Amino acid sequence: MPAGIRDRVAILGMGCSKFGERWDCDADDLIIEAYEECLKDAGIETSQIEAAWFSTAIEEIHVGKSAVPLSVALRLPYIPVTRVENYCASGTEAFRGAVYAVASGAADIALAVGVEKLKDTGYGGLPQNMAGAVSNMTWANASAPGSFAQLATAYQKKHGVKPEDLKRAMAQVSVKSHANGAKNPKAHLQKEIDTDAVLNAPMIAEPLGLFDCCGVSDGSAAAIVTTPEIARKLGKKDLVTVKALQLAVSNGIESSGEGWDGSYFMTTRKAAERAYAEAGITNPREQVSMFECHDCFSITELVTAEDLYISKEGTAWKDFLDGFFDADGGVPAQIDGGLKCFGHPIGASGLRMLYEMYQQLLGRADKRQLADPKIGLTHNLGGFPHHNVSSIAIVGLEGA
Amino acid sequence: MAGITGFGGYVPRLRLQRKSVVEANGWFNPGLAGLAKGERSMCNWDEDSLTMAVEAGRDCIGEKGPADLRAIYLASTTLPFADRQNATVAATALDLGEDLKTVDLTSSQRAGTSGLIDVLEGMGERDGQVLFLAADHRQTAASGAQELQMGDGAAAMLLGQNNVIAEYLGSHQVSVDFVDHYRGQNRDFDYNWEERWIRDEGYFKIVPRGIDALFAKVDVAPSDVDVMIMPALIRGVPQKIAKGAGIPDTAVQDNLHAVMGEAGTAHALIMLSKALQNAKPGQVILVIGWGQGCDLMLFRTTDAVTSFKPALGGVESSLARGKAETNYNRYLAFNDLIDRDKGIRAETDAQTALSTLYRKREMVLGFKGGKCTKCGTVQYPKAHICVNPNCGAWHSQEDYRFSDVPCTVQSWTADGLTYSPDPPTHFGMVTFEGGGRLMADLTDVDKGGVEVGMPLRMVFRIKVEDERRGFKKYFWKAAPDHRKTA
């Protein structure tokens, strides 16, 4: 096991745009909104940034290819800028690139920016033609909700959960996130909802109704990272450091091999095991103060709570119904409102989650502030349950 | 002796209720009232002449075509491609190999019977068997009588010289440019002339002449005919022709109008397939095909006729598992007879990279994955490195065809967001007996009709139609396995 990057890199500053249907904004407007806040928070000038990573997933509907759009938007001074795309983990990938650059010594200060301008397609939901020439000929005609909905049928079958019980637990996932999002001025959806509204919503892909699905929105988020030493030299006192960054990617076993039953994410389990080892966490249910997981759909969050080893397999549905993941529960989840309320501008989401962990750890989360959080975990899941990329980032107070 | 060595057929599951059509169109065409009884078969949105022909072919030859198969013929006037040999696509889907004679036959309702005669007449010069397919996905304008009279379907005949189940006794063809209907190049629909003229000047004059000529050539008499197959849309025509020729009226077969309508080029062969499924040894069968003249051919069943069983249950099974469709709008939509607002999601470009398709033709059209020769793991798609993490062998896989491997659904959903011509679209993780899995589209399922563990079988269907370029993408989908759920 390599030594990892625990506490070797600190977050110097972060920024996050208002998420939502930003009819007033192009991608570069959103980038500037997030970056301005980030730069101010970091207390540095653009000229001090030595390398940058730029994440965006469906570039054909907004900025186009390459890292040039970021460099142009921020007038970066001819530094190395890399564009990354790795499904919904793209934002966390940008963060990973910047953190690794600092950890390796290649850069003292590095920037990660993610953006996605989704609301210029003319329809709701994500565009779905991303398979490639060969897969386009064989892949099922699947939307994102359709792919993830199948977790529910498989989970019910495996754990003997009655459909109505699971549906209620899934409803609580969304009710909880909306309660959190209602307290977040940057969230797209800031209204509380009740269980009946979720249960009675129109069906999108069985058994996922409208309120089981996250929103689709525009947004951007950014992070500037450096070493703890430089951060202190720059005057930072309370440091939020990176404890672990892990990524696990499907290799075809789920989609064409044997053994996977469709009720969980093989990748998330692998990434979680490695991330906890890297961060020195042995009992996540006790040691993780809060998490932002990839709640693209209620069922995704539900099974992910198990894949992150916070709930025991087959019991997350009960934990949700018991309020364990509520703001005042054992391990608050989606305390900023999650994808559910922020929507999912793909390239930005991972960084948006980290933004909330960072704010919470520094005690700056206003009405959402949790009592004394020390460790925050973020998780992205991109692709489909049978064919995906799962990323986990753990951040915390220095020394925690 | 040349003859039929096997048979099969396929009629799509959906049966449009004629009453529903008449209720919708009666205001415009009151004359339809007399046609309101019964039902007609209609293709699902993902079916066409090619997919139906493949299904009929599978019914006929089973999982693997006979080793001595040398040719495949496909007869239809509604082939999806005007210039891309359709029979070759069918051959790939049926895994018939590439050293094969492939022929499309078209341009007449008689293409099915004429082609059959041609193959049987040439049989003596061949060293192997021939798979003969016929299919039609009838195209008719909305609110006409043809819409009610026609139906969709396909048939398959395996032809050879050994172990025949029906011996070919002889044939006669009459070629007359009698234009009861026609369809011009690049036209969607037929143009029809008056039925009474077709009956009196067409059927009643041309067919008897052919019957006389046929029986002059063979040593059986009209009175020996046990089964007479003659598709004709006009009521009473086959009966009157039989009577005039001295063919017993008990021989005249039901034209299936009540249960499926008339499937064009395929119809005589569908009726023949059905008759063979119910035949006894020693029966004389007369088949008459119609269109710019007529084809007549005679068969005599052998003792082997009762031992041949179509792999998927034959025409009888297809006919028995219909699903009543009472929504005429769905028929209009599936047949592109109405402009629908499909939404922007439907605008996704569906271009096919032809060079990619060529490289992957066995994977996509033939539905072949791989089997690891080191550990035996089967997998789709075939890959350079075995998917079994305990094996991981390189370059170890041989072709493994999944088309006929029984499967079940492990997880599924009904997706109302993605564009589908028939929402919600069903798909799910399909796992195959003996290993292998695929996130596959499901077809021929109804809302509420899917559950984890339900038995499925794979079928060759249209995946997406590239309307912009006039191309159809075909692939395999999972459908309820009627052999297990019936």
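All values reported here derive from a predicted model rather than from experimental measurement. (Residues numbered from 1 in each chain as written. Chains lettered and ligands numbered in written order. Predicted model: local features only at pLDDT ≥ 70, side-chain atom pairs only at ≥ 80, totals over all residues.)

### Describing the overall build of chain A
Rule in force here: Strands here mean DSSP runs of E at least two residues long; helices mean DSSP runs of H or I at least four residues long; both are numbered from the N terminus. A residue is called partly exposed when the number of other C-beta atoms within 10 Å of its own lies between 12 and 20, exposed at 12 or fewer, and buried at 20 or more, with C-beta atoms placed from the backbone. Once C-beta atoms are placed from the backbone, any two residues with those atoms within 7 Å are in contact.
Per the secondary structure count, chain A includes 15 helices and eleven strands. The dimensions of chain A, computed from C-alpha atoms along their principal axes, are 55 × 45 × 40 Å. Burial statistics for chain A: of 400 residues in total, 62% are counted as buried. Residue pairs at least 24 apart in sequence account for 78% of intrachain contacts in chain A once pairs closer than 6 positions are excluded.

### A look at the overall build of chain B
Put simply, the rule reads: For the radius of gyration, the atoms used are the C-alpha atoms, and the globule rule reads 2.2 Å times the number of residues raised to 0.38.
Check the secondary structure of chain B and you find 13 helices and 22 strands. Relative to the 2.2 N^0.38 estimate, which gives 23 Å for 486 residues, the radius of gyration of chain B is 23 Å and therefore close to what a compact globule would have. Taken along the three principal axes of its C-alpha coordinates, chain B extends 75 × 55 × 40 Å. Within chain B, the proportion of its 486 residues that are buried is 52%. Sequence separation of at least 24 residues holds for 72% of the intrachain contacts in chain B that already meet a minimum separation of 6.

### Let's talk about the nonpolar core
Soluble, globular proteins show a tendency: their nonpolar side chains are buried together. Just so we agree on the cut-off: To count as a nonpolar core, a set of buried Ala, Val, Leu, Ile, Met, Phe, Trp, Tyr and Cys residues must be joined through C-beta atoms within 7 Å. Bear in mind that the domain bounds are from an automatic or database domain assignment.
If you look at the biggest cluster of nonpolar residues, it comprises 137 residues, and the most contacted ones within it are Ala98, Val113 and Ala223 of chain A. Among the elements that make up this core, the one with the highest residue count is helix α15 (residues 346-361) of chain A (nine residues). Of the residues that make up this core, three or more belong to each of domain 1 (10-119 + 218-233) and domain 2 (143-212 + 240-397) of chain A. Sequence-distant contacts of alanine 98 of chain A, that is, excluding residues within four places in its chain, are made with Trp53, Ala110, Leu111, Ala112, Ala223 and Val225 of chain A. In terms of nonpolar packing, the next biggest core, distinct from the first, is built from 129 residues, Cys60, Ile241, Leu256 and Leu269 of chain B among them.

### A look at the pairing of strand β2 (residues 14-17) of chain B
Residue and element names in this part refer to chain B. We apply this condition: Only strands joined by at least two bridges in the DSSP assignment are considered to pair.
The sheet contact formed by β2 and strand β3 (residues 39-42) spans four bridges and is antiparallel. When the bridges of β3 are listed, leucine 14 appears paired with methionine 42. Of the strand pairs in this sheet, β2 and strand β14 (residues 323-325) are connected by three bridges, and their pairing is parallel. In the strand pairing of β14, leucine 16 is matched with glutamate 325.

### A look at the domain arrangement of chain B
All names here are of chain B. Basically, it comes down to this: Note that Gly is not counted as nonpolar here; it falls among the polar residues with everything else outside the nonpolar set of Ala, Val, Leu, Ile, Met, Phe, Trp, Tyr, Cys and Pro and the charged set of Asp, Glu, Lys and Arg.
Looking at the assigned domains, one finds that chain B contains domain 1 (3-334) and domain 2 (344-367 + 402-485). Each of domain 1 and domain 2 has a C-alpha centre, and the two are 28 Å apart. Every contact between the two is made by 19 residues of domain 1 and, on the other side, 15 residues of domain 2. Among the elements of the structure, α2 (49-61), α3 (86-93) and α10 (328-334) are those that each provide at least two residues to the side of domain 1 that touches domain 2. A per-class count over the side of domain 1 that touches domain 2 returns seven nonpolar, four polar and eight charged.

### Quick look at the interface of chain A and chain B
Listed by partner, the interface residues are 34 residues for chain A and 39 residues for chain B. When residues of the side of chain A that touches chain B are assigned to their parent elements, the largest contribution, seven residues, is made by helix α5 (residues 144-159) of chain A. Counted by class, the side of chain A that touches chain B contains 14 nonpolar, 16 polar and four charged residues.

### Here we look at helix α4 (residues 111-121) of chain B
Burial analysis of α4 of chain B places nine of its eleven residues in the buried class, which makes it a mostly covered element. Of the positions making up α4 of chain B, those classed as buried are Ala111, Gly112, Thr113, Ser114, Gly115, Leu116, Ile117, Val119 and Leu120 of chain B.

### Some details on the domain arrangement of chain A
Residues and elements named next belong to chain A. For chain A, the assigned domains read domain 1 (10-119 + 218-233) and domain 2 (143-212 + 240-397). Just the C-alpha atoms count here: the centres of domain 1 and domain 2 sit 24 Å apart. At the interface, 35 residues of domain 1 touch 34 residues of domain 2. Contributing elements (two or more residues each) for the side of domain 1 that touches domain 2: β1 (10-16), α3 (90-104), β4 (109-116) and β7 (219-226). Examining the composition of the side of domain 1 that touches domain 2, we find that eight residues originate from one element, α3, more than from any other.

### Here's the deal with the pairing of strand β7 (residues 153-160) of chain B
Residue and element names in this part refer to chain B. Within β7, eight of the eight residues are buried, which leaves it mostly tucked inside the rest of the structure. Alternating residues of β7 divide into Gly153, Ala155, Met157 and Leu159 and Ala154, Ala156, Leu158 and Gly160, and every residue in both groups is buried. Relative to β7, strand β1 (residues 3-10) runs antiparallel, the two being bridged by seven bridges. Among the inter-strand pairings, phenylalanine 7 is bridged to a residue of β7, identified as methionine 157.

### Brief notes about the confidence of the model for chain B
Stated formally: As a per-residue quantity, pLDDT reports the predictor's confidence and falls between 0 and 100.
A residue-level look at chain B finds 100% of positions with pLDDT of 70 or above and a mean pLDDT of 96. On the interface metric, ipTM, the complex scores 0.90, and its pTM is 0.94.

### Here we look at the sheet that holds strand β13 (residues 293-301) of chain B
Strand pairing within a sheet occurs via backbone hydrogen bonds; the two strands may be parallel or antiparallel. All names here are of chain B. Defined as follows: Helix axes are fitted to C-alpha atoms over the stretch in contact, other axes to C-alpha atoms as well, and angles between N-to-C directions run from 0 to 180 degrees.
The sheet built from nine strands is open, its strands ordered β5-β4-β6-β7-β1-β8-β13-β12-β11 with mixed pairing. What marks the edges here is a single partner per strand, and that holds for β5 (101-105) and β11 (227-229). Each adjacent strand pair in this sheet contributes to an overall mean axis angle of 20°, direction not counted. Here α4 sits on the sheet in contact with β4 (69-75), β5, β6 (129-136), β7, β8 (166-175), β12 (284-290) and β13, set at roughly 55° to β13.

### Quick look at helix α6 (residues 163-181) of chain A
This is how it is decided: To estimate the expected span of a helix, subtract one from its residue number and multiply by 1.5 Å.
With 19 residues, α6 of chain A ought to run about 27 Å at 1.5 Å a step, and its terminal C-alpha atoms sit 27 Å apart, in line with that. Most of α6 of chain A is tucked away, with 14 of its 19 residues classed as buried.

### Some remarks on the environment of lysine 472 of chain B
Residues and elements named next belong to chain B. Residue placement: lysine 472 occurs in strand β22 (residues 471-480). Residues lysine 472 and isoleucine 462, spaced ten residues apart in sequence, show a C-alpha to C-alpha distance of 6.6 Å. Discounting residues that sit within four places of it in the chain, lysine 472 has contacts with Pro80, Ile462 and Glu465.

### Some remarks on the packing of α3 of chain A against α15 of chain A
All names here are of chain A. At their nearest, the axes of α3 and α15 sit 5 Å apart, and the two run at 65° to each other. Across the interface between the two elements, Ser90, Gly91, Thr92, Ala94 and Phe95 from α3 touch Ile346, Gly347, Ala348, Ser349, Gly350, Leu351 and Leu354 from α15. When its residues are assigned to classes, the contact of α3 with α15 shows six nonpolar, six polar and no charged.

### Considering the sheet that holds β3 of chain B
Residue and element names in this part refer to chain B. Strand order across the open sheet formed by three strands is β3-β2-β14, with mixed pairing between neighbours. The outermost strands of the open sheet, each flanked by one partner alone, are β3 and β14. Between one strand and the next, the sheet's axes are offset by a mean angle of 40°, whatever the strand orientation. Across the sheet, helix α1 (residues 18-25) touches β2 and β3, and the angle it forms with β2 is around 45°.

### Re unusual backbone geometry
Each neighbour pair has its own omega, and for glutamate 206 of chain A with proline 207 of chain A the value is 0°, a cis peptide bond. In this structure, proline 207 of chain A sits in the loop between β5 (203-205) and β6 (208-209). A cis amide bond links tyrosine 380 of chain B with the next residue in sequence, proline 381 of chain B, at an omega value of -5°. Among the secondary structure elements, proline 381 of chain B is positioned in the loop between β16 (378-379) and β17 (397-401).

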